[in-house]
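Survey of secondary and tertiary structure
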Amino acid sequence: MIPSRARRRAVRSILPPCLAIALLLVAAPTPANDSDSSPSGSGCAEAAARRVQSRYEEIRDLSARFEQRTRPAAFGGQGAPFVARGRVTLAKPGRMRWAYEAPEPSLVVSDGKTVWVYDPAAREAQHLPLGERFLSGAAIQFLIGRGNLLEEFSVSSPACGESPLRLVLVPKRDAPYERLEVRVEPRTGVVVETAVADLLGNVTHVVFEDMRTNQDPEPALFRFEPEPGVKVIELPPAPARP
C-alpha cells in the first residue's frame, strides 16, 4: 500500500502530462481530403502545424480510447514503463475527463475551472483550481479554444520524409514540461500519438484509438461529486511562476 502522502504526490504528478496532452488532443485534426498533398521540404513542420491548426479550429470536442506509457528518468530511463489504459473525453472550453481503467481505476475531471483527481481505492479525491498559475499560457489558450501552434511553440521535424511525421513542439514561454511531440499522418493530418517530456526527463507517450469528434458530450460528464465517505483534499493553487 502506498502511504497517503506519497499517493497524493503520485496522483497529482499525472496532472501536467494529462493537461499537456489535452491541449494537443483538442488540437488533433480530423482526416483531410485524400487529394491534399503531404508537406515536404524544409517547411514540412510548419505546413503540418498549419494543417493541425486548421482542423483544431473546427473541433468542439473529441473522445478516444488511449494507452499511456510513462518512462521515468530514473536509472537512465531504463526502468520498466508505467502503462495505463482508459478513455478520454475533451470539450472546449477547457473540459476534460480521463477515465483510467487499468491497472487501477482512477479519474481526472475538469469543468474548465477546477480539477478533481479521484482515487477509488483510497476513497480520496483531490480538488484544485485550474488556471495560469498551474498551466503554461500555451496550455490555457488551447484548452479554452484560442491557441495557435506556431505562436505558442517552436515547431520542427527531425525527418520530413517519414510517415507518420514527427513534430517536436518546444514552448516559447515557461511551461511545466520541456517539449511536446505529436505524430501526424502527412496526407490526412490524423494525429496517432503524442508524447510529453517533463522538466525531470520523464516521458509520457499516449496512443489513441477509436477517436471521434463533435459528439456533443453531456455537460455532466465533466462534473464530479464526491460520494459520502470520500475524503476530499483541497489543494492550494500552484505558486505563480517568476
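A quick note: this is a predicted structure, and the numbers were derived from the prediction, not measured. Note on numbering: residues in each chain are counted from 1, in written sequence order. Restriction of local features to residues with pLDDT of at least 70 applies here, the model being predicted, together with a cutoff of 80 or more for giving and counting side-chain atom pairs; totals for whole chains, interfaces and linings are based on all residues. Neither water nor hydrogens contribute to the side-chain values; these are computed over all heavy atoms in the structure.

Observations concerning the overall build of the protein
Starting at the N terminus, helices and strands are each numbered in turn, a helix being any DSSP run of H or I of at least four residues and a strand any DSSP run of E of at least two. When helices and strands are tallied, the protein shows 5 helices and 12 strands. Accessible area is worked out with a 1.4 Å probe on protein chains only. A residue is then buried under 20% of its type maximum, exposed over 50%, and partly exposed in between. For the protein, buried positions account for 44% of its 242 residues. Here the contacts in the protein between residues at least 6 apart in sequence split such that 55% fall between residues at least 24 apart. When the accessible surface of the protein is split by element, carbon and sulfur atoms take 52% of a total near 12100 Å². The contact criterion used is simple: two residues touch if any of their non-hydrogen atoms lie within 4.5 Å. Per-residue and other accessible areas follow the Shrake-Rupley method at a 1.4 Å probe size, with only the shown protein chains counted as cover for residues.

Focus on the state of the cysteines
By convention in this document, the label disulfide applies to cysteine sulfur atom pairs within 2.5 Å. Per the stated rule, a full pass over the model turns up 1 disulfide. A disulfide bridge connects Cys44 with Cys160, and the sulfur atoms are separated by 1.9 Å. In this structure the cystine formed by Cys44 and Cys160 twists about its S-S bond by roughly -70°; its chirality is therefore left-handed. Of this pair, Cys44 sits in helix 3 (residues 44–56) while Cys160 is found in the loop between strand 7 (153–156) and strand 8 (165–171), placing the two residues 116 residues apart along the sequence. Judged by relative accessible area, Cys44 falls into the buried class, the value being 0%.

Considering the sheet that holds strand 1 (residues 61–71)
Across the sheet, which stays open at both edges, the 12 strands sit in the order 7-8-9-10-11-1-2-3-4-5-6-12 with mixed pairing between neighbours. On the outer flanks of this sheet lie strand 7 and strand 12 (231–234), each paired with one strand and no other. In this sheet, neighbouring strand axes are inclined to one another by 20° on average, regardless of whether the strands run parallel or antiparallel. Each pair of strands is called paired provided DSSP finds at least two bridges between the two strands. Looking at chain direction, strand 5 (residues 114–119) and strand 6 (residues 124–129) are connected through 6 bridges and run antiparallel. Bridge pairing in strand 6 links Val117 to Gln126. Geometry is summarised by axes, namely lines fitted to C-alpha atoms with helices restricted to the contacting stretch, and by angles between N-to-C directions that run from 0 to 180 degrees.

Here's the deal with the nonpolar core
We call a set of buried residues a nonpolar core when its members are Ala, Val, Leu, Ile, Met, Phe, Trp, Tyr or Cys and they connect through side-chain atoms within 4.5 Å of each other. Grouped together as the largest cluster of nonpolar side chains are 18 residues, with contacts concentrated most on Phe66, Val88, Leu90, Trp98, Tyr100, Val108 and Val115. Put simply, the parts of the chain that give this core at least two residues each are strand 1, strand 2 (82–91), strand 3 (95–102), strand 5 and strand 11 (203–213). Not counting residues within four places of it along the chain, the set of residues in contact with Phe66 comprises Ala84, Arg85, Gly86, Arg87, Val88, Trp98, Ala99, Tyr100, Val206, Val207 and Phe208. In this structure, Leu165, Leu167, Leu169 and Ala175 belong to the second largest nonpolar core, which totals 17 residues.

Some details on the packing of aromatic side chains
By convention, a stacked pair of Phe, Tyr or Trp rings (six-membered ring in the case of Trp) has centres within 6.5 Å and planes under 30 degrees apart, an edge-to-face pair has planes over 60 apart, and any other such pair is tilted. All told, the structure shown has 4 aromatic pairs when counted by the stated rule. Taking the centre distance of 5.2 Å and the plane angle of 45° together, the rings of Trp116 and Phe224 count as tilted. Placement of the pair is Trp116 in strand 5 and Phe224 in the loop between strand 11 and strand 12, with a sequence separation of 108 residues. An angle of 40° between the planes, with centres 5.2 Å apart, marks the rings of Tyr118 and Phe224 as tilted. Here Tyr118 is found in strand 5, whereas its partner Phe224 is found in the loop between strand 11 and strand 12, with 106 residues between them in sequence. Here Tyr118 matches Phe224 in class, with each residue buried. Here the aromatic residues Phe66, Trp98 and Tyr100 are joined through ring pairs into a cluster of three or more.

Points about the pairing of strand 2
Inspection of the sheet shows strand 1 paired to strand 2 by 10 bridges, in the antiparallel sense. Of the residues in strand 2, the one forming a bridge with Ser63 is Thr89. As paired elements, strand 2 and strand 3 share 7 bridges and run antiparallel to each other. Across the sheet, the residue bridging to Arg85 is Ala102, located in strand 3.

So, the confidence of the model for the protein
Residues with a pLDDT of 70 or more make up 69% of the protein, whose mean pLDDT is 75. For every residue, the predictor reports its confidence as pLDDT, a number between 0 and 100. Here residues 1–13 scores under 50 on pLDDT; set against residues more than four positions off or in separate chains, the count is 17 contacts. Confidence over residues 27–42 falls short of pLDDT 50; this stretch has 41 contacts with residues more than four positions distant or in other chains.

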